[in-house]
Amino acid sequence: MTEQLAGIDPAVPPSGPGCAECEQHSGWWVHLRRCAQCGHIGCCDTSPAQHATAHAKSTGHPFIQSFEPGEDWYYNFETEEMFSGGPELAPPHSHPADQGVPGPRERVPSDWQAHIH
């Protein structure tokens with residue numbers, strides 16, 4: 001994977017430690033994904049609201065990277081392929097480890113598994 005891949009901007013920091021839309025609406029998520037072009041943090045497709053995919057569809061930004069501790073894989077929405085070895089994005093590379101999965105802990109319902117896709 002080349003450092004100059006269209007749709008990936010290694011210099012852009014993440015938008016925050018959690019899903020931008022879930023934070024606005026006091027929601028919760030299972031896992032977090034980071035837009036590799038603009039840094040938007042959205043929740044994964046297992047999460048109730050699926051904001052990362054919604055962001056990709058509304059903006060046309062083709063790549064996300066996992067925003068989970070210890071994961072650095074990318075996903076290309078255009079080709080529907082996962083890959084590793086892409087450019088290193090600006091830190092931080094994941095949400096805070098103490099945030100919990102699913103998270104954030106204080107907003108996750110006790111029956112959270114009944115709400116996932």
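Refer to the structure presented above.
Residues numbered from 1 in each chain as written. Predicted model: local features only at pLDDT ≥ 70, side-chain atom pairs only at ≥ 80, totals over all residues. Heavy atoms only, no water.

Trainee: Explain unusual backbone geometry to me, using residue names and the numbers behind them.
Mentor: Of note, the bond from Pro 91 into Pro 92 is cis; its omega dihedral lies within 30 degrees of zero at 0°. With respect to the secondary-structure elements, Pro 92 resides in the segment after β5 (81-83). The backbone of Ser 26 shows a phi angle near 55°, a positive value even though the residue is not glycine. Residue class for Ser 26 comes out exposed when judged on its relative accessible area of 54%. Look at Glu 80: it is not a glycine, yet its phi comes out positive at around 60°. Structurally, the position occupied by Glu 80 is in the loop between β4 (74-76) and β5. Look at Glu 80 and you get exposed, because its relative accessible area is 61%. (Helix = DSSP H or I, 4+ residues; strand = E, 2+ residues; numbered from the N terminus. Buried < 20%, exposed > 50% of the residue type's maximum accessible area, 1.4 Å probe, protein only.)

Trainee: So, the nonpolar core: which residues are in play, and what are the values?
Mentor: One finds Cys 19, Cys 22, Trp 29, Leu 32, Ile 41, Cys 43 and Phe 67 forming the largest nonpolar core, which totals seven residues. If we ignore the near neighbours within four places in the chain, the residues touching Cys 43 are Cys 19, Cys 22, Trp 29, His 31, Leu 32, Ala 49, Gln 50, His 51 and Ala 52. Counting residues in hydrophobic clusters, the runner-up holds six residues, among them Ile 8, Ala 36, Phe 63 and Leu 89. (Core = buried A, V, L, I, M, F, W, Y, C linked by side-chain atoms within 4.5 Å. Contact = heavy atoms within 4.5 Å.)

Trainee: Mind laying out the environment of Cys 44, listing which residues take part and the relevant values?
Mentor: Mapped onto the fold, Cys 44 is located in the loop between β2 (41-43) and α2 (51-59). When the C-alpha atoms of Cys 44 and Gln 113 are compared, they prove to be 14 Å apart, with 69 residues separating the residues in sequence. For Cys 44, the contacting residues outside a window of four places in its chain are Val 30, His 31, Arg 33 and Gln 50.

Trainee: Residue-level account of the environment of Lys 57, with values.
Mentor: Structurally, Lys 57 is set in helix α2. By relative accessible area, which is 70% here, Lys 57 ends up exposed. A sequence separation of 39 residues divides Lys 57 from Gly 18, and the C-alpha atoms of the two residues are 19 Å apart.

Trainee: Please set out the pattern of salt bridges residue by residue, giving values where relevant.
Mentor: Scanning all chains against the criterion turns up one salt bridge. Taking the shortest distance from any N to any O, the salt bridge between Glu 23 and Arg 107 comes out at 3.0 Å. Pair noted here: Glu 23 is in helix α1 (residues 20-24) and Arg 107 is in the segment after β5, with a separation of 84 residues, a long-range link. On the basis of relative accessible area, Glu 23 is assigned to the partly exposed category, the value being 35%. (Salt bridge = Lys/Arg side-chain N within 4 Å of Asp/Glu carboxyl O.)

Trainee: I'd like to hear about the sheet that holds β2, residue by residue, with values.
Mentor: Across the sheet, which stays open at both edges, the five strands sit in the order β2-β1-β3-β4-β5 with antiparallel pairing between neighbours. One side of each edge strand has no neighbouring strand; the edge strands of this open sheet are β2 and β5. Shown here is a sheet whose adjacent strand axes are inclined to one another by a mean of 35°, direction ignored. With three bridges connecting them, β4 and β5 associate as antiparallel partners. (Pairing = 2+ DSSP bridges. Axes fitted to C-alpha atoms, helices over the stretch in contact; angles between N-to-C directions.)

Remember, this is a structural readout, not a statement about activity or role.
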